[in-house]
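Each chain is listed here by its residues.
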Amino acid sequence: MHRRKFITLSSIGLIGFSSFGIPMNNPFSTEDLLGKGSPILKGNGYQLLPAAHEAFKKMSAAAAKENIQIKPVSSYRSYNHQHSIWKRKYKKFTTNGLTPSQAIKKIIEYSTIPGTSRHHWGTDIDIVDATPPQPKGLLLEKNFESNGPFCKLKEWLDNHANTFGFYLVYTNRKDRKGFKYEPWHYSYAPLSIPMLKAYRSLDIQKELQQTNLVGSDHFSTNFIQAYIQENILDINPKLL
C-alpha cells in the first residue's frame, strides 16, 4: 500500500483499518520503523504523525487552560539524526577514557542505538513546560519532581495525558530495566502500540549485527538480546 495513503488514513486513528482494506498485521514499512523512511509529519516546531499531532494539539490546549504551556523539546528523529547523537556521545565518552563497551553502556542509559528509537516512529515526544523560567538542563529528572520548574506539568500529565492517548514510556517503576526514568517522554499509544508490534516482527538482532555504527563491533549476541528485552521492551506495560 502507498505510504501517503496510509498516513492520511492514520489521521483518523487506528479504528476501522480493516474497513479500508489495510492489513492489520503490519501496515508499517520496515524503513519507517527503522527511521529510514519519509513519513508525512505535522507540527509547528515538532514533528508527529497526523493522528498523534491532532491529539497533542488537544492536550496542549487543555493544559493551556490551566496555565501550562507544553513545549516540545524533541519529537520525530530520523535514523541519521539518531546516528549523529550516537557518534557524538561515543566520541565524548571514549575520549574521556571509557572503553568502547563502557561508552556503549553509558550511552544507552538515555539514548538509543540508531534504528531502535521510538522517536523514529513519529509517535513519541519529549516535553517540558514553557511557562516557568527554563533551567540550564531541561531534560533532567529533578526538574519534574518536588519544587522543580516542571512539577506542575508533571502533575497535570499524570492526571490527564492518558485521556488524550499519551502515556509515559520509561516509568520510575523500581524493577524496570533498560533506559533510565524519563518523566518528559510520552508516546501516543493508539499508533505506537501497533508500531511496536510491527517492529517486534523485524529481525532486530540481525539489523544490529549488520549495522555500520562506531562501536558496533562490540555488539555481542548477549548484548543485543539484553538490549531488546530491557531497553526496547521493558517499558510502561500500557504501551505493550
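Above this text is the structure in question.
First things first, this report covers the structure right here in the doc. (Residues numbered from 1 in each chain as written. Predicted model: local features only at pLDDT ≥ 70, side-chain atom pairs only at ≥ 80, totals over all residues. Heavy atoms only, no water.)

1. Side note on the side chain of Ser-216
The line we're drawing: Per the convention used, a helix needs a DSSP run of H or I reaching at least four residues, while a strand needs a run of E reaching at least two, with both numbered from the N terminus. Relative accessible area decides the class of each residue, using a 1.4 Å probe on protein chains only: under 20% of the type maximum gives buried, over 50% gives exposed, and in between gives partly exposed. Here a polar contact means two N or O atoms within 3.5 Å. Within protein one must be a hydrogen donor candidate and the other an acceptor candidate, and residues neighboring in sequence count only if both atoms are side-chain atoms.
Tracing the backbone through its elements, the reader meets Ser-216 in the loop between α8 (204-210) and α9 (221-232). Taking relative accessible area as the criterion, Ser-216 reaches 15% and is therefore assigned buried. Among the polar contacts listed, one links the side chain of Ser-216 to the backbone oxygen of Thr-211, at a separation of 3.4 Å. A distance of 2.7 Å separates a polar side-chain atom of Ser-216 from the backbone oxygen of Leu-213.

2. Topic: the environment of Asp-126
Put simply, the test is: Residues are treated as being in contact if the distance between any of their heavy atoms lies within 4.5 Å.
Among the structural elements, Asp-126 can be located in strand β2 (residues 124-129). The sequence separation of Asp-126 and Pro-72 amounts to 54 residues, and the corresponding C-alpha distance is 5.9 Å. The contacts of Asp-126, once residues within four sequence positions are left out, are Lys-71, Pro-72, Val-73, Ser-74, Arg-77, His-119, Leu-139, Trp-184 and His-185. In terms of polar contacts, Asp-126 uses its side chain to reach the side chain of His-119, at 3.5 Å.

3. A word on the sheet that holds strand β3 (residues 166-168)
Selection rule: Note: two strands are recorded as paired if DSSP finds a minimum of 2 bridges between them. To obtain each axis, a line is fitted to C-alpha atoms, and for helices this fit is confined to the stretch in contact; angles are then taken between N-to-C directions over 0 to 180 degrees.
Spatial strand order, β1-β2-β4-β3: four strands in an open sheet with antiparallel pairing. Two strands bound the open sheet, and with one partner strand each, they are β1 (70-74) and β3. Averaged over all neighbouring strand pairs, the angle between strand axes comes to 45 degrees, with direction disregarded. In this structure, β2 lies alongside strand β4 (residues 185-188), joined through three bridges in antiparallel fashion. In the strand pairing of β4, Asp-126 is matched with His-185. Together, β2, β3 and β4 form the strand contacts of helix α7 (residues 189-200), whose direction differs from that of β4 by roughly 85 degrees.

4. Examining the pattern of salt bridges
Formally: For this analysis, a salt bridge means a side-chain nitrogen from Lys or Arg found within 4 Å of a carboxyl oxygen belonging to Asp or Glu.
Under the defined criterion, the tally for this structure stands at seven salt bridges. Asp-175 serves as the salt-bridge partner of Arg-173, at 2.4 Å between the closest nitrogen and oxygen. In this structure, Asp-234 engages Arg-173 in a salt bridge whose closest nitrogen and oxygen atoms are separated by 2.8 Å. Of this pair, Asp-234 sits in the segment after α9 while Arg-173 is found in the loop between β3 and β4, placing the two residues 61 residues apart along the sequence. Taking the relative accessible area as the measure of exposure, Asp-234 reaches 15% and is therefore buried. Judged by its relative accessible area of 32%, Arg-173 falls in the partly exposed class. Within the structure, one salt-bridge network assembled from shared partners comprises Lys-42, Glu-54 and Lys-57.

5. Description of the packing of helix α4 (residues 79-95) against helix α5 (residues 100-107)
How we decide: Small angles under 35 degrees read as roughly parallel and large ones over 145 as roughly antiparallel, with 65 to 115 read as roughly perpendicular and the rest as oblique. The crossing is said to be left-handed when, going from far helix to near helix, the turn is anticlockwise and less than a right angle, and right-handed when the turn is clockwise. Each residue gets one label: Ala, Val, Leu, Ile, Met, Phe, Trp, Tyr, Cys and Pro are nonpolar, Asp, Glu, Lys and Arg are charged, and the others, such as Gly, are polar.
Relative to each other, α4 and α5 sit at 130 degrees, their axes nearing to 9 Å. One element, α4, and the other, α5, form an angle in the oblique class. In this structure, α4 meets α5 at a crossing whose hand is right-handed. The residues of α5 that touch α4, namely those facing Trp-86, Lys-89, Tyr-90, Phe-93 and Thr-94, are Pro-100, Ala-103, Ile-104, Lys-106 and Ile-107. Each residue belonging to the contact of α4 with α5 can be placed in one class, and the counts come to seven nonpolar, one polar and two charged.

Any functional reading would require information that these geometric values do not contain.
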